[in-house]
Amino acid sequence: MKKQIAVIRGDGIGPEIVAEALKVLNRVGALYGHDFAYTHVDMGGCAIDKWGEPLPDAMLRKCIASDSVLLGAVGGPKWNDVPGPMRPEKGLLRLRAGMNVYSNNRPAKIWPQLANASPLKPSVVAKGIDFIIVRELTGGIYFGRHETTGQEGQRTATDVLTYSESEIERIGRIGFETARKRRGKLCSVEKSNVLDSSRLWKSVMHRLSAEYPNVELRDMLVDNCAMQIVKDPSQFDVIVTENMFGDILSDEASMITGSIGMIPSSSLGATTCGLYEPIHGSAPDIAGMDIANPIGTILSAAMMLRFSFDMPAEADCIEQAVGLVLDQGLRTPDIFDGTPGCQKIGCREMGDRIAGALCPL
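A brief look at the structure comes next. (Residues numbered from 1 in each chain as written. Predicted model: local features only at pLDDT ≥ 70, side-chain atom pairs only at ≥ 80, totals over all residues. Heavy atoms only, no water.)

This part is about the sheet that holds strand 11 (residues 264–268). Taken in spatial order, the 10 strands make up an open sheet running 2-1-3-12-11-4-5-10-8-9, and their pairing is mixed. Two strands in the sheet have a free side with no partner beyond their single neighbour: strand 2 (35–40) and strand 9 (216–221). Pairwise comparison of adjacent strand axes, ignoring direction, gives a mean angle of 25 degrees for this sheet. Relative to strand 11, strand 4 (residues 103–109) runs antiparallel, the two being bridged by 3 bridges. By the bridge assignment, Asn105 is partnered in strand 11 with Ser266. Contacts from helix 1 (residues 14–32) reach strand 1 (2–10), strand 2, strand 3 (68–73) and strand 12 (275–278) within the one sheet, and its direction differs from that of strand 1 by about 165 degrees. Against the sheet, helix 6 (residues 165–180) contacts strand 4, strand 5 (130–136), strand 8 (185–190), strand 9 and strand 10 (238–241), and its axis sits at roughly 165 degrees relative to strand 5. (Pairing = 2+ DSSP bridges. Helix = DSSP H or I, 4+ residues; strand = E, 2+ residues; numbered from the N terminus. Axes fitted to C-alpha atoms, helices over the stretch in contact; angles between N-to-C directions. Contact = heavy atoms within 4.5 Å.)

On to the packing of helix 1 against helix 11 (residues 312–327), then. Running from N to C, helix 1 and helix 11 point in directions that differ by 130 degrees, and their axes come no closer than 11 Å. Taken together, helix 1 and helix 11 sit at an angle that is classed as oblique. By crossing handedness, the relation of helix 1 to helix 11 is classed as right-handed. Here Val24, Val28 and Tyr32 of helix 1 lie close against helix 11, whose contacting residues are Ala313, Glu314, Cys317 and Ile318. A per-class count over the contact of helix 1 with helix 11 returns 6 nonpolar, no polar and 1 charged. (Parallel < 35°, antiparallel > 145°, perpendicular 65-115°, else oblique. Left-handed = near helix turned anticlockwise from the far one by under 90°. Nonpolar A, V, L, I, M, F, W, Y, C, P; charged D, E, K, R; others polar.)

This paragraph deals with the packing of aromatic side chains. Under the definition given, this model contains 4 aromatic pairs. Taking the centre distance of 6.4 Å and the plane angle of 20 degrees together, the rings of Phe36 and Phe309 count as stacked. One end of the pair, Phe36, is in strand 2; the other, Phe309, is in the loop between helix 10 (295–307) and helix 11, with 273 residues separating them in the sequence. For the ring pair Phe176 and Tyr212, a centre distance of 4.7 Å and an interplane angle of 10 degrees mean the geometry is stacked. Of this pair, Phe176 sits in helix 6 while Tyr212 sits in the loop between helix 7 (196–209) and strand 9, and the two are 36 residues apart along the sequence. We classify Phe176 as buried; its relative accessible area is 0%. (Phe/Tyr/Trp six-rings, centres within 6.5 Å; stacked < 30°, edge-to-face > 60°. Buried < 20%, exposed > 50% of the residue type's maximum accessible area, 1.4 Å probe, protein only.)

Nothing here speaks to function; it is all geometry.
Laid out in structure tokens, this is it:
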């Protein structure tokens, strides 16, 4: 089966971690008889340097024409002073909008081999961490009007947060459907004690709840949710929330699992063509040092096989290989804590070891 994958290596450690994910995908293709073809796409700071903009039209068309997109990371201090509309992150926002991927799904799951790496108390970790944050991705304040004007002798900045009923309903349904396939618990996170957009969010979610009697819906204010994630993460199954809240909460959730380098994500919409990426940034301070953790990117590739290509066995194969390598005590520096029997290895060797551990199930 041939699949065309648009590959965005991006900036910083992006090229390094993507190279290891492709190494694993190529091995999966050889084991299962698939043909993965790759189309190179420039996006982010590297695209600004080469083309003068973070995502040229031609690059966006390549992504839309592909079966799915695999992304490393974009951005870095080099481009901090470029005008706002030209920043590397604007390329990512444009890509999400252009692909119409409005649902970002970020699992927060602790690997048992890394339980000691969590900053939470062992008694809290022992209760289990296994939930998913479903984040609305193409609306809200990130896609609203942004401007800075001069008023009364000083600068005044305005950022507009807008949500329609239809935008809330489509992400709400994904939240309910995800919870129905898991443990049947959905937590809707908003700030309805202050924001009109959150009051509308809460109203739509309660209306949808009547269609899902087998899913328990709970409302939670975003500040309380941030506290509860570190106090007792075992209480959560699926969290659904708007764009900015989801951005913040999912990064918090990633850290309680031990390392942000371990967490994959998928962004999906009305079609099976998805955007897959680790949730961490470009980490330019360690670029080229062969110490980045490629596991989040490798697990993102597994999510692509599962959700866009309908290859669950192949996805399971990758996840099993990651577990086997962790069982062997192999760790990149971000997850190495000096535990006896563990060995610190680099980015390339981690990719080699995971590819070598692949075995058809």
